[in-house]
Structures are given as structure tokens and as C-alpha cells.
Amino acid sequence: MRFERTGFLKRYGLLLVLIVMVCVSVLLSPLFLTPQNVVNLLTQVSFVGIIAVGMTTVILTGGIDLSVGSIVGFSSILFATMMHGNLFTFMPDEMFIYAGMQDLTPLLPLPFNLFVVLVAGALIGLVSGALSFSLKIHSFIITLGMMIFVRGLGRSYTDGQPLFGVPPYISWLAYGSILGVPTPVVLWIVIVVVAAFVLKYTRYGRRIYAVGGDEEAARLSGIQPALYRITPFVVSGVCAALVGLMMSGRMAAGDPKIAEGWELDAIGAVVIGGTALQGGKGSLVGTTIGVLIVGIVVNVMNLLGIADYPQQMVKGMLIIAAVALQNLIARFGREHER
Amino acid sequence: MADGSTTGGTWLSGAPARGSAADLLVQNSHYGILVVLVTIAASLAPGFLTVQNFLNLLRSFSFLGFISVGMTFVILCGGIVDLSVASILAFSGVVMALLQHWGIYIGFTNELSHVYPTPFIILTVLALGAGIGLVNGLIITKLKVTGFVTTLGMMVFVRGLAFAVSGGGTIFGVDDFTRYLGRGMVGPIPFVALLWIVTIVAGSFVLNRTPFGRRLYATGENPETAFLSGINPDTYRIAAYVISGFLAAVAGICLTGRLDVGEPRVAQAWELNAIAAVVIGGTSFDGGRGSLGRTVVGVMIIGLIRNVLSLLGVLPSPQEMIMGIVLIAAVVVQHVISRSKV
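Residues numbered from 1 in each chain as written. Chains lettered and ligands numbered in written order. Predicted model: local features only at pLDDT ≥ 70, side-chain atom pairs only at ≥ 80, totals over all residues.

Observations regarding the overall build of chain A
Working step 1: Counting secondary structure elements, chain A contains 13 helices and four strands.
Working step 2: Taken against the 2.2 N^0.38 rule, which gives 20 Å for 338 residues, the C-alpha radius of gyration of chain A at 21 Å falls within 12% of a compact globule.
Working step 3: For chain A, the spread of C-alpha atoms along the three principal axes comes to 75 × 55 × 35 Å.
Working step 4: Counting only residues that meet the buried cut, chain A has 47% of its 338 residues in that class.
Working step 5: Excluding contacts between residues fewer than 6 apart, the proportion of contacts in chain A whose partners are at least 24 apart in sequence is 79%. (Helix = DSSP H or I, 4+ residues; strand = E, 2+ residues; numbered from the N terminus. Rg over C-alpha atoms; globule rule 2.2 N^0.38 Å. Buried ≥ 20, exposed ≤ 12 C-beta atoms within 10 Å, placed from the backbone. Contact = placed C-beta atoms within 7 Å.)

Take a look at the structure:
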């Protein structure tokens with residue numbers, strides 16, 4: 001009986017926490033459950049939410065990707081540079097001239113300029129993954145180097161200045177809506193559903209879990225770990241590049257300085273969602289709930305008018321408490337299984 | 001291949017003194033990089049090779065240096081990383097200034113109003129730093145939350161705390177004694193640099209010449225075998241985080257003296273620089289292999305590369321790019337070297 005109870009806690013505990021939090025939020029602020037606020041909340045979290053999808057696949061294989069925040073900034077400025085093709089033939093003497101360049105001169109026709117940005121994100125992920133896999137160096141170090149490098153690369157284009165002006169379809173990525181649902185939320189949901197399906201129901205997904213759980217055992221059962229170790233970084237890079245495009249739309253500019261520290265927000269959401277940093281254990285559903293939990297906490301504190309700093313303190317405690325709680329439940333469950 | 005004190009070797013570098021000249025060369029390649037950097041810098045700037053400039057550089061390295069020393073302890077004992085150090089540094093600096101401006105809570109802001117004499121304030125701040133480290137260690141060992149997650153949470157929390165206690169603003173002005181800690185000179189040597197050197201020597205002594213240090217290495221190399229040979233790994237894990245928190249507080253106090261303000265925004269992302277310094281120095285990320293001497297070289301390499309790039313007139317953004325490449329190149333080269341030895 002008790003064992004069943006802990007099994008239930010392990011399975012649905014996170015969902016319970018989310019439901020309890022929604023209830024508490026409703027009690028704390030009458031504004032919380034208004035449609036406007038719910039839409040705002042979902043739109044705000046969808047950016048980190050998409051990054052967290054890539055991060056989850058990386059962490060499931062036992063790695064970590066610190067470069068995502070930098071990739072967001074880099075993609076944003078890369079896209080803006082490609083939209084200002086005349087910069088390649090005419091270099092302004094002074095940086096402030098960038099600010100006045102509203103007229104767009106795309107280098108490539110429509111699908112290609114988006115494609116180039118996503119491929120750039122994928123390539124950065126590929127390099128991170130390939131280096132850390134082939135050299136057996138912990139991805140923390142490789143992606144830390146990549147994070148510093150890519151941020152510097154993005155800032156080098158325009159010396160850290162934003163480049164204003166984006167085409168309408170990029171604004172649509174941030175402000176548009178499909179059937180009344182904001183585009184970022186739709187994108188987030190689609191990506192989560194597709195990725196969750198792939199992870200759960202395809203051979204590729206199951207092998208990611210296998211390699212992350214025990215690489216040696218996976219190798220002995222005939223799985224080549226290379227593919228499953230490297231591709232998650234590519235997924236993560238593409239997700240980050242997409243968020244970079246969405247952020248360009250949100251700010252109507254390409255800005256290399258955005259999304260600093262987002263990698264840590266995404267990692268926080270993933271671990272709150274119950275995915276183990278050691279790999280092999282966790283799910284995208286958990287990550288999504290993790291993203292929502294952090295989002296709700298921040299949202300309610302905003303509604304209550306709590307300043308930025310106590311919010312940070314609560315966020316920090318939330319990360320530690322969530323993981324500590326999961327460990328306690330897991331240990332409790334193990335003791336009763338015997 | 002144990003690279004630490006366990007195999008003997010030169011006391012400060014921790015590199016095993018054995019093998020052919022070629023062996024010696026690859027094992028000490030980080031010194032080679034240092035020599036190359038110094039040569040480039042010297043040829044670019046005529047004033048570079050003066051004692052005065054060297055001492056100034058030493059001072060500028062020492063703030064990052066303190067937390068890199070703490071980070072080395074954490075990484076050596078297999079704790080992966082301590083992400084909270086930069087936040088602890090900022091928090092310590094703010095508390096240091098705040099306790100000298102107690103009147104801030106009753107409306108006076110600019111005049112010094114010590115809550116109690118400065119030495120006690122320093123003790124309080126050091127205790128707070130060590131205390132945060134202790135909490136890190138306890139959460140990691142008792143609640144079994146991984147070091148990465150714990151210190152990530154603590155990093156966010158303590159940074160928020162630093163903002164909260166200072167009300168988000170900057171606290172201007174500290175007393176002469178605190179300023180001396182950051183700016184003072186002992187003869188020709190800057191006080192911070194001297195303190196850093198003392199810390200390195202003391203830390204190396206502890207790591208290489210005491211049972212505590214040997215057990216810390218053993219814990220990092222393999223907690224299981226350490227446990228079976230009668231070592232309680234938890235004790236050494238906790239101790240490493242306490243040392244790391246304590247040294248972050250030392251850096252925070254000195255930086256507050258140097259800047260003459262208590263500022264919650266300082267040292268953003270320094271934890272990553274410290275990790276980079278440790279890794280570039282060649283301390284293994286898996287724990288149990290490496291030394292403090294290597295970290296010192298790592299800190300100097302990072303500082304000198306920035307110095308040389310600035311001398312060359314490279315803008316800050318490309319400098320960042322180059323730092324990223326250097327970090328990745330350093331681990332790749334170390335990997336290739338260690339593989340060629342096998």
C-alpha cells in the first residue's frame with residue numbers, strides 16, 4: 001500500500017505540485033487566472049521552454065549544453081546581418097549608423113535566410129557534441145568554451161550594437177497568433193509534442209535513454225553511442241537558434257547581448273522537472289512542468305509586486321528544494337520496495 | 001595516470017619529476033604557453049618586463065585567483081564545480097560595506113557607521129562565506145543533490161540575497177582598513193597579491209603535505225575506494241565547499257576595498273572564469289588529478305592573454321572569442337598529450 005503511494009508520488013508528484021501551485025496562485029492573486037495573464041505567462045515561458053527541450057535531450061545523454069544562451073544571441077545578430085545585406089558592400093564608419101539602417105536588403109530569399117540561421121545553430125551544436133564525444137572531454141568544458149566563443153563571435157559583428165529592423169514574418173514569430181494562440185506558444189507545444197514522441201516511441205529516442213543510462217551496456221547491446229551522444233547537441237543548437245529568431249522578432253532587432261544566463265534558466269527548469277543530470281532518467285513532460293512551475297512562481301511574484309531580488313532568491317531555493325524533494329521521494333520509494 | 005602529489009614530484013607544480021626531456025616538456029606545456037605569452041607581451045610593450053608591472057598584474061589576477069584556488073579544491077575532490085563563488089564574492093563585498101554603513105537602515109547613507117569594529121566585520125563576512133559553502137556541502141552530501149544543481153541554486157539565491165540586503169543599490173565608501181586590504185602595499189608588493197601568494201602556498205602545503213590533502217585527492221580520484229580505506233568522502237566534499245566559500249569571501253572583502261564600494265553586481269560569471277582557469281591549468285575535471293600550482297598558471301594565462309590582446313588593440317568582443325578558443329584548445333591539447341603518453 002505504502003509502496004503504491006510512493007509510486008504514485010514519483011509518477012504524478014510533479015503534476016500535483018503544479019496543480020497545487022495553480023490553486024495557491026489563484027488564491028494569492030485574482031488576476032492570475034484571467035485569460036490575458038495566462039496568455040502572457042505562456043508566451044513568456046515559451047522561449048526558455050523551447051531551449052529546455054534541447055537541453056533535456058542533451059542532459060538525458062548525460063551531457064550539458066552551456067552554449068545555448070550564446071547561440072540565441074548569435075542567431076539573432078546573424079539573422080539581422082543577413083537582412084542587411086548592404087552591410088557587406090558598404091561598411092559604415094561609425095557604429096551608430098547601424099541604428100539608422102531600417103531598410104532591409106536580404107542576402108538570400110525567404111526560406112534560405114531562416115535556414116542558414118538554423119544550420120548555424122546546428123553546426124555549433126555539432127562541433128560541441130563531436131568534440132566532447134570524440135575526445136571524451138566533459139561537455140561542460142567544451143560548451144563553456146563554446147559559450148564564450150559564440151558570444152564573442154556574435155558581438156564582434158557589430159561591436160555589441162543591436163541591428164534594428166526585421167521582416168514581418170519574424171515579428172509574427174513573436175507577436176503573431178495561430179487560431180488565437182500566440183505563435184511562440186504554438187511553436188513550443190509543437191516542439192514538445194514532436195520531441196516527446198520521438199523520445200518515447202522511436203528507436204532513436206529509446207536509444208538516447210539507453211546511452212545516457214549506461215553507455216557501456218548500450219555499446220555491448222550493439223548500439224553505436226556516437227550518433228546518440230552527438231545529435232542531442234545539434235537538436236539543442238537548432239532549438240536555441242529558433243529562439244534567437246523569435247527574440248529578434250520580439251525586439252524588432254538583432255541583438256548579440258540577449259539571453260545571457262538563459263542556459264542556467266533552462267537547466268534549472270530541466271532539473272526541477274525531474275531529469276537527472278547523470279543522464280538516462282527524466283522526460284520532456286517533466287521539463288515542461290518544470291518550465292511552467294518556474295514561470296508561475298515568477299508570474300505570481302510579479303502580480304504581487306515583489307521586487308526582482310527576492311524573486312531570484314525564491315528561484316534559487318526552488319531549484320535546490322525541487323531536486324532534494326525528488327531525491328527524498330525516490331529514496332523513500334526504494335526503502336519500501338525492499 | 002596520477003598527476004597529483006600522490007606520485008611525488010615538485011612541490012608546487014605537482015608534476016611528477018620523471019621520464020625523458022620530452023615527457024617533461026609535454027607535462028609542463030602550460031609553463032611553455034606562459035613563457036610565450038610573456039615574450040609576446042614584452043616585445044609589444046617596453047614597460048612589460050618591469051618588476052612594478054609584474055606586481056600590478058599579480059594584483060589584478062589575485063581577485064579571480066582566490067576563487068580559482070577554492071574552485072581547485074572543489075574540482076580536485078570530485079565535486080565537479082562550485083557555481084556559487086561569484087555570487088558569494090558579491091554578497092561578501094556588500095555585507096562588508098553594509099556593516100560599515102549600519103546607518104543605512106535609519107536614513108544615513110554616506111557616513112561610516114560601523115556596527116562593530118572592522119576586524120569583527122571581517123570575521124563575520126568570512127564566516128558567512130564559509131557558512132554558505134557549508135550549506136552547499138551539506139545539501140550535496142546529506143540530501144544527495146548533485147553539486148552542479150546545488151551550487152546553481154545557491155548562485156541564483158545568493159546573488160538575489162546580495163541585491164536584497166543592499167536594496168539593489170551600491171553602497172559607497174568603506175573605511176581605511178578595508179581600502180588597505182584592496183589597495184595597500186606591503187613594501188613594493190600589493191597586499192592582495194601577497195595574500196594570494198600566501199593562500200597558494202598554504203593551500204599547496206595543505207594539499208600535498210598533510211593527511212587532509214591526501215585524503216581529499218583520494219576522495220576525488222575514487223570515492224568508493226576512499227570510503228573502503230576508511231576515509232569519509234562526505235567530510236572532504238564538505239570541507240572543499242567550505243574552503244571555496246571562505247576564499248570567495250576573502251576575494252569579496254579585498255575587491256570591496258579595491259573598488260571602495262559594496263556592489264551586488266560585481267563578478268558576474270566569474271565562476272566560469274575560475275573554472276576555465278582551473279581547466280586551462282590542466283586539473284582534471286573528473287577529480288583527483290591536478291594541483292594548485294597548475295591553477296595559478298591557468299589564472300596567469302587567462303590574465304596575460306587578455307593583457308596581450310589589449311596591448312595588440314583587439315576589441316573586447318573578439319577577445320572573448322579568442323578566450324573561448326583558448327579554453328577549448330587547452331583541453332584538446334591536454335587530451336592529446338595524455339593519450340600520447342599511454
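More follows now that the structure is in view.
Considerations on the overall build of chain B
Working step 1: In terms of regular secondary structure, chain B is built from 14 helices and four strands.
Working step 2: Counting the 342 residues in chain B, one finds 52% classified as buried.
Working step 3: In chain B, the share of contacts with a sequence separation of at least 24, taken over all contacts with a separation of at least 6, comes to 77%.

As for the environment of Leu60 of chain A
Residue and element names in this part refer to chain A.
Working step 1: One can find Leu60 in helix H2 (residues 35-60).
Working step 2: On the basis of neighbour counts, which here come to 27 C-beta atoms within 10 Å, the residue Leu60 falls in the buried class.
Working step 3: In sequence terms Leu60 and Met82 are 22 residues apart; their C-alpha atoms lie 34 Å from each other.
Working step 4: In this structure Leu60 touches Ile208, Tyr209, Gly212, Thr275, Gly279, Gly280 and Gly282, once residues within four positions along its chain are discounted.

Considering the environment of Phe163 of chain B
Working step 1: One can find Phe163 of chain B in helix H6 (residues 147-166).
Working step 2: Owing to 23 C-beta atoms within 10 Å, Phe163 of chain B belongs among the buried residues under this scheme.
Working step 3: Separated by eleven residues in the primary sequence, Phe163 of chain B and Leu152 of chain B have C-alpha atoms spaced 17 Å apart.
Working step 4: Those residues in contact with Phe163 of chain B, other than ones at most four positions away along the chain, are Tyr309 and Gln312 of chain A together with Gly168 and Pro264 of chain B.

Observations regarding the confidence of the model for chain A
Working step 1: Overall, the prediction assigns chain A a mean pLDDT of 88, with 91% of residues at 70 or greater.
Working step 2: When mean pLDDT is taken per element in chain A, helix H7 (residues 183-201) of chain A scores highest with 96 and helix H1 (residues 2-28) of chain A scores lowest with 80. (pLDDT = per-residue confidence, 0-100.)

Here's the deal with the interface of chain A and chain B
Working step 1: Tallying the contact residues gives 35 residues for chain A and 38 residues for chain B.
Working step 2: Where the side of chain A that touches chain B is concerned, the elements lending two or more residues are helix H5 (139-158), helix H11 (262-272) and helix H13 (308-337) of chain A.
Working step 3: A class-by-class count of the residues in the side of chain A that touches chain B yields 22 nonpolar, nine polar and four charged. (Nonpolar A, V, L, I, M, F, W, Y, C, P; charged D, E, K, R; others polar.)

Let's talk about H7 of chain A
Working step 1: In this model H7 of chain A runs 27 Å from its N-terminal to its C-terminal C-alpha over 19 residues, within 8% of the 27 Å that 1.5 Å per residue would give.
Working step 2: As for H7 of chain A, its buried residues are in contact with H2, helix H6 (168-175), strand E3 (181-182), helix H8 (203-213), helix H10 (225-251) and helix H12 (284-303) of chain A. (Expected span 1.5 Å × (residues − 1).)

Focus on the environment of Asn136 of chain B
Residue and element names in this part refer to chain B.
Working step 1: Structurally, Asn136 is set in helix H5 (residues 118-142).
Working step 2: Separated by 152 residues in the primary sequence, Asn136 and Gly288 place their C-alpha atoms 20 Å from one another.
Working step 3: Those residues within four positions of Asn136 in sequence are excluded, and the remaining contacts are Asp82, Ser84, Thr150, Thr151, Met154, Tyr241 and Gly245.

As for the nonpolar core
Working step 1: Counting 195 residues, the largest nonpolar core has Ile51, Val243, Ala266 and Ile319 of chain A together with Ile67, Leu89 and Ala251 of chain B as its most contacted members.
Working step 2: Looking at which element gives the most residues to this core, the answer is helix H11 (residues 233-259) of chain B, with 15 residues.
Working step 3: Among all residues touching Ala251 of chain B, those that are not within four sequence positions of it are Phe63, Phe66, Ile67 and Leu89 of chain B. (Core = buried A, V, L, I, M, F, W, Y, C linked by C-beta atoms within 7 Å.)

Digging into unusual backbone geometry
Working step 1: In the Ramachandran plot, Ala259 of chain A falls in the positive-phi region, its phi being about 65° despite a non-glycine side chain.
Working step 2: Note on Ala259 of chain A: 27 C-beta atoms within 10 Å, which makes it buried.
Working step 3: The backbone phi angle of Lys144 of chain B is positive, close to 55°, even though this residue is not glycine.
Working step 4: Mapped onto the elements of the fold, Lys144 of chain B is located in the loop between H5 and H6.
Working step 5: What makes Lys144 of chain B partly exposed here is the crowd of 14 C-beta atoms within 10 Å.

Re helix H3 (residues 68-83) of chain A
Working step 1: For H3 of chain A, with 16 residues, the first-to-last C-alpha span of 22 Å sits near the 22 Å given by 1.5 Å per residue.
Working step 2: Most of H3 of chain A sits inside the fold, with 15 of its 16 residues counted as buried.

As for the confidence of the model for chain B
When pLDDT is low, close inspection of the predicted coordinates is not appropriate.
Working step 1: Confidence in the prediction of chain B, expressed as mean pLDDT, is 86, and 90% of residues score 70 or more.
Working step 2: Contacts of residues 1-18 of chain B to residues separated by more than four positions or lying in other chains number 43 contacts, the stretch itself having pLDDT below 50.

What about the packing of H3 of chain A against H10 of chain A?
The geometry of a pair of packed helices is captured by two quantities: the angle between their axes and the separation between those axes.
Residues and elements named next belong to chain A.
Working step 1: Contact geometry of H3 with H10 gives a least axis separation of 7 Å together with a crossing angle of 50°. Overall, the two elements H3 and H10 adopt an arrangement that is oblique. Crossing hand, H3 versus H10: right-handed. Touching Val68, Ile71, Val72, Gly73, Phe74, Ser75, Ser76, Phe79 and Ala80 of H3 are Ser236, Gly237, Ala240, Ala241, Val243, Gly244, Leu245, Met247 and Ser248, all from H10.
Working step 2: Considered class by class, the residues forming the contact of H3 with H10 number eleven nonpolar, seven polar and no charged. (Axes fitted to C-alpha atoms, helices over the stretch in contact; angles between N-to-C directions. Parallel < 35°, antiparallel > 145°, perpendicular 65-115°, else oblique. Left-handed = near helix turned anticlockwise from the far one by under 90°.)

Comments concerning the packing of H8 of chain A against H10 of chain A
Residue and element names in this part refer to chain A.
Working step 1: Two elements in contact, H8 and H10, have axes whose closest approach is 9 Å; the angle formed by their N-to-C orientations is 100°. Regarding the angle of H8 to H10, the classification is roughly perpendicular. Contact residues: H8 offers Arg207, Ile208 and Val211, while H10 offers Pro225, Tyr228, Arg229 and Pro232.
Working step 2: Residue classes in the contact of H8 with H10 are distributed as five nonpolar, no polar and two charged.

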